[in-house]
Each structure stands twice: as C-alpha cells, then as structure tokens.
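Architecture and fold: a report
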Amino acid sequence: MSEIKVNKVVDARGSHCPGPLMELIKAIRNAGVGEVIAVYSTDSGSKTDIPRWVEKAGHQLIGVYERNGYTEFIVKKVK
Amino acid sequence: MKKILVVGGGTGGTIVANVLARKLSRKEAEITVVSESPKHIYQPAFIYTALGYNLHERDIVRGEEELLDKNVKLIIDNALRIDVEDRYVVLERTGKLDYDYMVIATGSRIVPEEVPGYQATYHFYGLEEANRLSKALEEFSGGVIAVGIGGIPYKCPPAPAEFCCLLDYYFTRKKIRDKVEIHYLSPLPRTFPHEAVAEAITEMMEKKDIHWHPMFNIESVDPEKRIVYSLEGESLRFDLLVMVPPHRGAKVVEESGLGVDGGWIPVDKHALQYKDYSEVYVIGDATNLPVSKSGAAAHFEAKVVGDRIYADITGKKSKPVYDGRVLCFCDAGFRKAIYMDFNYEKPPRKPRFSYLWYLGKQAVNKLYWSLILKGIV
Ligand SMILES: Cc1cc2nc3c(=O)[nH]c(=O)nc-3n(C[C@H](O)[C@H](O)[C@H](O)COP(=O)(O)OP(=O)(O)OC[C@H]3O[C@@H](n4cnc5c(N)ncnc54)[C@H](O)[C@@H]3O)c2cc1C
C-alpha cells in the first residue's frame, strides 16, 4: 500500500450510471488543491477512462491497484 | 402508535408515504408528509416543455394532496432543521415535529450561479426555465447549439444526450436541420458512463450528425464572446448554450449538517439508513449513493424503505435491501427510444432503439401519476 495520505475515498463499486469517473469528477470539483482521492471501481471501462480523464484534466494518477474484486485508483488534484 | 415523518413530497416521499399507508393501520402508525409546495411536479416533462410539446397541465403538475393516501397527513411547510440526535424537525410555520421513524426525501436543488457566466445559458431543470428555453428554440433560425454539463452530480444523467437527439428531431421537423450544428459536450471520454450503452448512443449521434466532444466539463462561460470553457482546458463558440446547472442537496440538509460534498447525505447503499440511526432513512436524489439521481432510483428505494419500516413496526425479522436498481427510457426522437435496466451487480446491456421502448416511455409518463406514485408497481 502506498504511504500517501488519502483525503477522501469514493466507493463507486456497482455504479454503472453515473459511473466511477463521474464520481471522481464530482470529488475533484469538491476537493482542494493537493488533496488525494481514492476511487473504488468494479467497472471495466474505468481502467482506460479514469487515466485518460486525469491526464487530460491535468491531475496526477498516483497509482492503480487491483484489490479483491475491484480496482483502486489514487488521484491527486494538482490545480 | 408510531409516528412516521416523511420530509419532502416529491417522487420518493410520496411513494414511501403511500406504501406505508396501505400496509399500516391508523392504530399502528401516524404518517405525515412535509413538503414546501402544495404542487407535485413531474420533472421529466420539462424536456418536452422545452421542445414546445403541447402537454396538458395535468401531465406536468398536480396537487400533492390528491396523490397521497387519505391516511397520510400533509403539511405544507418549509423544514428548517432536522435533528437526528433528538429526533425532531423544525418547520417554519408549524414548529417542531417529533418522530419515531423519519424518511428524508428532500431531493436536490439547482445552483446555476456557481458557474461564472451562467446568465448566458439556458436549461430545462425547472418549469420556468424550460419555457424560456422553448421560446429561445422557437426563435432560433440557425447556428451552433451546444449542450453541456456545469456540475456533477445532476439529475437524470442521460438527459443532456437525450436532449441533443430530440433537438435533431425538433429542427428536422422545423425543416432547418441543415442550418443547425448540434454539439454534445460529454463530461466523460464516452457519450455515456457505461461502455455498452455508450456504443449505442455514439452510433446514434453519428448517424444524426451530432458533434460530440469527449471530456468537456463546463467550467465557465464568456457571455460576450459566447464561448464556453472546460475544466480540461478546451473551449467552444456557441450561439445557444444549454447547460445542465450544478446541483446541491436541499438547504435544510446542508444547514442541519447532514450532507457531505455538496449536501448529499451518506447512507448505507443497501439498507438506505443514515449512519447508526436505524430510525432514519434517506431516499432519492438526497443521497450520496453512486446511482443516478432519478425518479426510478427514488421509486425503488421508497419501496424498500416502506417495507423496512413496516417490518420494524410489525416485528418482522427479515428486511428487504436496495439492490441498486435503476431503469430508464431515453427518447431519441423520431418515435424511437432505448431502455436500460441495471443494478449494482448487473450492468446494462447494449440497448436497441425501438418504437416499443418509445411507447414504454409514454406509458411511464402516464402511469407515474397512478400506479407509480401510489406504490402499486
Ligand atoms: C429534466 C429532467 C428529466 C428527468 N427525467 C427523468 C427520467 O426520464 N427518468 C427518471 O427516473 N428520472 C428523471 N428525472 C429525475 C427525477 O425527476 C428526480 O430524480 C426525482 O424526482 C427525485 O425524487 P426525490 O423524491 O428524490 O426528489 P423530488 O422529486 O425532487 O422531491 C423533493 C421534494 O422535497 C421537497 N423539499 C425540499 N426541501 C424541503 C424543505 N426544506 N422542506 C419541505 N420540503 C422540502 C421539495 O419541495 C420536493 O417536493 C428527471 C429530472 C429532470 C429535471
């Protein structure tokens, strides 16, 4: 596990609509610069669309971890 | 006798009160609904209002009183504060109301003013606003119409994509489709959150010549230059911008300290219970659940909560849980629609556009007032 302190966990497991990326965008909009968000997803599309959006929006993807039955994405809001 | 208090007389609040009134006698429970307005509004109708459909007034608005079981007491008042510790709610005119069970169903509110330059935008998230948009569309003779999203979460996630398809239908019928460019600003890399559904919607948009922009979350609008800017650093010039406004939880929720991240109440995703308060339930748009803010979710949640409170009062051991079910019809214009039905475990499948689902959507619009609000289906 990373030593980075997570400020907020977004549990989007089982979400097909609005889906994990929308939940992340919502959390990023509400977070302060420098805060770190963990998103849990069971949606297969997240593995491509979360990294794509994070890169395009200029934030930082700190890590992607396979957990027991879901994927955890750690994202830092940098601007 | 138990006192059951439902705060909010919209879709979720009305259904839960009616379900409980049918199951419990007057001796077992006193059921009260508090709502700030005597009117019950069918919000999905706003889209049709914006597009100039001639709806009957009763298809949009009815009195809440006539929709509630006669064993439910309705108080028209504004809830100012909810105290879950001491189990009471303060109303503006009526004063304090205590409860044994409470269901919070206060929905959401829109806050367009959170987007700089919002004055230059239109939307269909209120009846008045839908009428204003309808006039603007009537006068529109050509140019760029962009449809985008000013904040997440918002009610009915497919609504903006659906609106684009209906704009195509609208301008085709007006015989000026060739003069109008329709742009969909998608907050995601796809046209819809789920891949299988996105595939079908993207195909439809391409067929209809709707330009769609991936990852365009509206951040601000320049009203003079008529340019909309995204959080991701892009921009688009428009002649008419339809912006889904940002949403927040109800004021009373925020002011009572129950909401997080925009006033959404955290609840258990299966039990729909607030924290350790086994007598407090939250349903519909008011929750922080990762399900779409939709009448469909509010409906299924209301039925689960009604059955859970009934089980509690009558001493039954087993209580139903919410499985995350949402179903949704999306009108694509030209009398075609798609249908999706999914839950936490089961994702939606790639939908087909058909006349049958279009009829399904029309049927729901009618059945809402009877079978759905009464909690019969
Ligand atoms: C344009 C549009 C299209 C839509 N299309 C669809 C669709 O096709 N399918 C679908 O399933 N859903 C659709 N929806 C979403 C659906 O209308 C909502 O998700 C649904 O109404 C939520 O139900 P609710 O009970 O949580 O909240 P609401 O129905 O919004 O009810 C909340 C109630 O709480 C009351 N209230 C709030 N604060 C207070 C207070 N302080 N004191 C007293 N009362 C209070 C309000 O007056 C209101 O009566 C659409 C919405 C819009 C705007």
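Refer to the preceding data block for the structure.
Residues numbered from 1 in each chain as written. Chains lettered and ligands numbered in written order. Predicted model: local features only at pLDDT ≥ 70, side-chain atom pairs only at ≥ 80, totals over all residues. Heavy atoms only, no water.

Topic: the overall build of chain B
As a reminder of what qualifies: To qualify as a helix, a DSSP run of H or I must reach at least 4 residues; to qualify as a strand, a run of E must reach at least 2; elements of each kind are numbered from the N terminus. Using C-alpha atoms as the atom set, the radius of gyration is obtained and then compared with a globule rule of 2.2 Å times the number of residues to the power 0.38. When a residue's accessible area, from a 1.4 Å probe over protein chains only, is under 20% of the maximum for its type it is buried; when over 50% it is exposed; and in between it is partly exposed. Contact criterion: two residues are considered in contact whenever any of their non-hydrogen atoms come within 4.5 Å of each other. Note on areas: Shrake-Rupley with a 1.4 Å probe; residue coverage comes only from the protein chains shown. A positive count includes Lys and Arg, and a negative count includes Asp and Glu. His and the chain ends are not counted in either. Note on charges: their place is set at NZ of Lys, CZ of Arg, CG of Asp or CD of Glu.
Helix and strand counts for chain B stand at nine helices and 23 strands. Against the compact-globule benchmark of 21 Å for 377 residues, chain B has a radius of gyration of 21 Å, which places it among compact chains. For chain B, the C-alpha atoms occupy an extent of roughly 65 × 40 × 40 Å along the three principal directions. With 377 residues in all, chain B has 59% of them scored as buried. In chain B, the share of contacts with a sequence separation of at least 24, taken over all contacts with a separation of at least 6, comes to 64%. In the form shown here, chain B has an accessible surface area of approximately 15900 Å², with 49% of it arising from carbon and sulfur atoms. When the 50 basic and 51 acidic side-chain charges of chain B are each reduced to a single mean position, those positions are 6 Å apart.

Looking at the site of the ligand
All names here are of chain B. Quick reminder of the rule: Near is defined per residue: the residue qualifies when any heavy atom it owns lies within 4 Å of the molecule or strand. Pairs of N or O atoms within 3.5 Å make up the polar contacts considered here, provided that, within protein, one atom can donate a hydrogen while the other can accept it, and that residues adjacent in sequence are counted only when both atoms are side-chain atoms. By the convention adopted, Pro, Cys, Tyr, Trp, Phe, Met, Ile, Leu, Val and Ala count as nonpolar, Lys, Arg, Asp and Glu as charged, and the other residues, Gly among them, as polar.
Taken together, 31 residues surround the ligand, and among them Gly12, Ala79, Asp285, Gly295 and Ala296 come closest. For the ligand, a nitrogen atom lies 3.1 Å from a polar atom in the backbone of Glu36. Between a nitrogen atom of the ligand and a main-chain N or O atom of Ala79, the distance comes to 2.8 Å. Isolated, the ligand exposes 1000 Å² of accessible area, and the fraction of that covered by the protein chains is 90%. Of all elements in the fold, only α1 (11-23), β2 (29-35) and α8 (295-313) reach the threshold of two or more residues within the shell around the ligand. Within the shell around the ligand, the residues separate by chemical class into 12 nonpolar, 13 polar and six charged.

Comments concerning the sheet that holds strand β15 (residues 218-222) of chain B
Residue and element names in this part refer to chain B. We count it as follows: In this scheme, strands are said to pair when DSSP sees at least two bridges between them. Axis definition: a line fit to C-alpha positions, over the contact stretch in the case of helices; interaxial angles, taken between N-to-C directions, run 0 to 180 degrees.
Read across the sheet, three strands follow the order β15-β16-β17 without closing on themselves; strand pairing throughout is antiparallel. Two strands close off the open sheet at either side, each with one partner strand: β15 and β17 (235-237). Pairwise comparison of adjacent strand axes, ignoring direction, gives a mean angle of 20° for this sheet. Across four bridges, the pairing between β15 and strand β16 (residues 227-230) is antiparallel. Considered in β16, the bridge of Val221 is made with Val228.

Points about the environment of B:Ala79
All names here are of chain B. Mapped onto the fold, Ala79 is located in strand β6 (residues 79-83). On the accessibility criterion, Ala79 (10% relative accessible area) is buried. Between the alpha carbons of Ala79 and Arg93 there is a distance of 9.1 Å; along the sequence they are 14 residues apart. Once residues within four sequence positions are removed from consideration, Ala79 is found in contact with Val7, Val89, Val90, Leu91 and Val252.

Digging into the state of the cysteines
Put simply, the rule reads: Note on disulfides: each one is a pair of cysteine sulfur atoms within 2.5 Å.
In the structure shown here, the tally under the stated rule is zero disulfides over all chains. For the unlinked cysteine A:Cys17, the closest cysteine sulfur is that of B:Cys328, found at 6.8 Å. Assessed through its relative accessible area of 4%, A:Cys17 is described here as buried.

A short note on the pattern of salt bridges
The condition that has to hold: Note on definitions: salt bridges are taken to be side-chain nitrogens of Lys or Arg within 4 Å of carboxyl oxygens of Asp or Glu.
One pass over the full model with this rule turns up 25 salt bridges over all chains. Between A:Asp11 and A:Arg13 there is a salt bridge; the shortest N-O distance is 2.9 Å. We classify A:Asp11 as partly exposed; its relative accessible area is 29%. Across the pair B:Arg177 and B:Asp168 runs a salt bridge, and its minimum N-O distance is 2.7 Å. Through salt bridges with shared partners, one network takes in B:Arg109, B:Glu114, B:Arg248 and B:Glu254.

Thoughts on the sheet that holds strand β14 (residues 210-213) of chain B
Residue and element names in this part refer to chain B. With respect to topology, five strands assemble into an open sheet ordered β11-β18-β12-β13-β14, the strand pairing being parallel. Only two strands of the sheet have a single partner each, and these edge strands are β11 (121-122) and β14. Taken together, the five bridges between strand β12 (residues 143-149) and strand β18 (residues 240-244) define a ladder with parallel strand orientation. Each bridged residue has a counterpart across the sheet, and for Val147 the counterpart in β18 is Val242.

Remarks on the side chain of B:Thr121
All names here are of chain B. In this structure, Thr121 sits in strand β11. The exposure class of Thr121 is buried, given its relative accessible area of 5%. Contacts of Thr121, omitting those with residues within four sequence positions, involve Arg132, Val221, Leu241 and Met243.

As for the interface of chain A and chain B
If you look at the interface, chain A gives 26 residues, while chain B gives 37 residues. Connecting chain A to chain B are three salt bridges. The salt bridge partner of B:Asp261 is A:Lys8, with a shortest N-O separation of 2.8 Å. For the pair chain A and chain B, the interface holds 13 residue pairs in polar contact (both at pLDDT 80 or more). Top contributing element to the side of chain A that touches chain B by residue count: helix α1 (residues 19-30) of chain A, with eight residues. By residue class, the composition of the side of chain A that touches chain B is eight nonpolar, seven polar and 11 charged.

Section: the packing of aromatic side chains
Threshold: For this analysis, a ring pair means two rings from Phe, Tyr or Trp (six-membered ring only for Trp) whose centres lie within 6.5 Å, classed as stacked if their planes differ by under 30 degrees, edge-to-face if by over 60, and tilted for the remaining angles. Definition used: whenever NZ (Lys) or CZ (Arg) falls within 6 Å of the ring centre and also within 35 degrees of the ring normal, the charge is taken to sit over that ring.
For the structure shown, the criterion picks out 16 aromatic pairs over all chains. For the ring pair B:Tyr169 and B:Phe334, a centre distance of 4.6 Å and an interplane angle of 55° mean the geometry is tilted. Highlighted residues: B:Tyr169 in helix α5 (residues 159-173) and B:Phe334 in the loop between β22 (326-333) and β23 (336-342), separated in sequence by 165 residues. With a centroid separation of 6.1 Å and an interplanar angle of 20°, the aromatic rings of B:Tyr355 and B:Tyr358 are classed as stacked. With a gap of three residues between them, B:Tyr355 and B:Tyr358 both fall in helix α9 (residues 355-372), about one helical turn apart. Take B:Tyr358: its relative accessible area is 14%, and that puts it in the buried class. Among the aromatic side chains, those forming a connected cluster through ring pairs are B:Tyr42, B:Tyr368 and B:Trp369. Residue placement shows A:Arg13 over the ring face of A:Tyr70; its charged tip is 4.5 Å from the ring centre. For the cation-ring pair, B:Arg173 lies above B:Tyr53, with the distance from its terminal atom to the ring centre recorded as 5.8 Å.

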